[in-house]
Amino acid sequence: VDRQCGTLVFQYSGAARFAATLLTIAVTVLCCVAAYKIPIKTRSDVLGLCGLVALCFSLTAPLLWEFTRFCLVVSPEGLDFRSAWRGRLFVAWQDVDEVSFSSLCQWFVIRSSLGKKIRVPTWIAGTSEFLDVCVVQLGPTVLKRAKGGFLMIGRPFPETDTWS
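Computed from a predicted model, the values in this text were never measured in an experiment.

Turning our attention to the overall build of the protein. In terms of helices and strands, the protein carries five helices and seven strands. For the protein, the N- to C-terminal ordering of α and β elements is β-α-α-β-β-β-β-β-β-α-α-α. Taking 2.2 N^0.38 as the reference for a compact globule, 164 residues should give roughly 15 Å; the C-alpha atoms of the protein span a radius of gyration of 21 Å, well beyond that estimate. Overall size of the protein, expressed as C-alpha extent along the three principal axes, is 75 × 35 × 30 Å. A fraction of 47% describes how many contacts in the protein between residues 6 or more apart in sequence connect residues 24 or more apart. Looking at the protein as shown, the accessible area adds up to about 9,900 Å², and 62% of this sits on carbon and sulfur atoms. When the 17 positive and 12 negative side-chain charges of the protein are each reduced to one mean point, those points stand 11 Å apart.

Have a look at this one:
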């Protein structure tokens with residue numbers, strides 16, 4: 001929280017980023033140990049070991065990349081989003097057309113009038129505070145498709161008569 005500017009910063013928790021880093025290091029060390037211990041006699045042994053390393057890297061690297069690069073800054077002006085996969089994007093509050101929830105992917109999808117989408121996973125730190133800001137900034141028609149997400153994280157969905 002930056003109290004001077006009134007902004008909130010949402011990222012994966014430090015524990016999640018640490019776990020992703022630790023997993024990547026552990027897999028790398030295990031591949032190195034396997035390369036040292038496995039006797040390489042034929043070309044197929046080399047190819048098999050390279051395949052194992054590539055498989056392990058392809059499973060852990062995207063996780064590490066996502067967990068360390070994702071950032072959402074919520075300010076009174078709007079949402080400043082940094083994705084590991086899409087780059088940086090700013091959406092002003094007045095441009096938000098709809099907020100929905102995907103129960104399959106466990107994320108909130110924020111759609112803007114400019115055709116842009118922001119996906120906010122429920123497992124980032126401070127999801128409840130993020131929803132608090134959405135309730136204050138957006139009207140009930142914008143949030144109605146996100147009701148399942150509110151209930152999933154244990155927040156009551158605000159009724160229409162409580163909106164100010």
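Continuing now.
A few words now on the packing of aromatic side chains. Summed over all chains, the structure comprises six aromatic pairs. Taking the centre distance of 4.2 Å and the plane angle of 5° together, the rings of Tyr12 and Phe67 count as stacked. Separated by 55 residues along the polypeptide, Tyr12 in the loop between strand E1 (8-10) and helix H1 (14-37) and Phe67 in helix H2 (residues 43-69) bring together distant segments of the chain. For Tyr12, a relative accessible area of 3% gives the class buried. A connected cluster of aromatic rings, assembled from ring pairs, spans Tyr12, Phe67, Phe70 and Phe81. In this structure, Arg69 is placed above the aromatic ring of Trp65, and the distance from its NZ or CZ to the ring centre is 5.5 Å.

Cut-offs applied
- Each chain carries its own residue numbering, running from 1 in the written order of its sequence.
- Totals for whole chains, interfaces and linings use all residues, but because this is a predicted model, local features are given only for residues with pLDDT of at least 70 and pairs of side-chain atoms are given and counted only at 80 or more.
- To obtain the side-chain values, all non-hydrogen atoms of the structure were used and water was disregarded.
- Only DSSP runs of H or I covering at least 4 residues are called helices, and only runs of E covering at least 2 are called strands; the numbering of each starts at the N terminus.
- We compute the radius of gyration from the C-alpha atoms alone; for a globule the expected value is 2.2 Å times N to the 0.38, where N is the number of residues.
- Should any heavy atoms of two residues lie within 4.5 Å, those residues are counted as being in contact.
- All accessibility values rest on the Shrake-Rupley procedure with a 1.4 Å probe; residue burial counts only the protein chains present in the view.
- Counting rule for charge: Lys and Arg are taken as positive, Asp and Glu as negative, and neither His nor the chain ends is counted.
- Where a charge sits is defined by one atom per residue type, namely NZ (Lys), CZ (Arg), CG (Asp) or CD (Glu).
- Pairing of aromatic rings covers Phe, Tyr and Trp, the last through its six-membered ring, and needs centres within 6.5 Å; plane angles under 30 degrees mean stacked, over 60 mean edge-to-face, and all others mean tilted.
- Accessibility here uses a 1.4 Å probe with only protein chains present; expressed as a share of the type maximum, an area under 20% marks a residue as buried, one over 50% as exposed, and anything in between as partly exposed.
- By the criterion adopted, a ring carries a charge over it if an Arg CZ or a Lys NZ lies within 6 Å of its centre and within 35 degrees of its normal.

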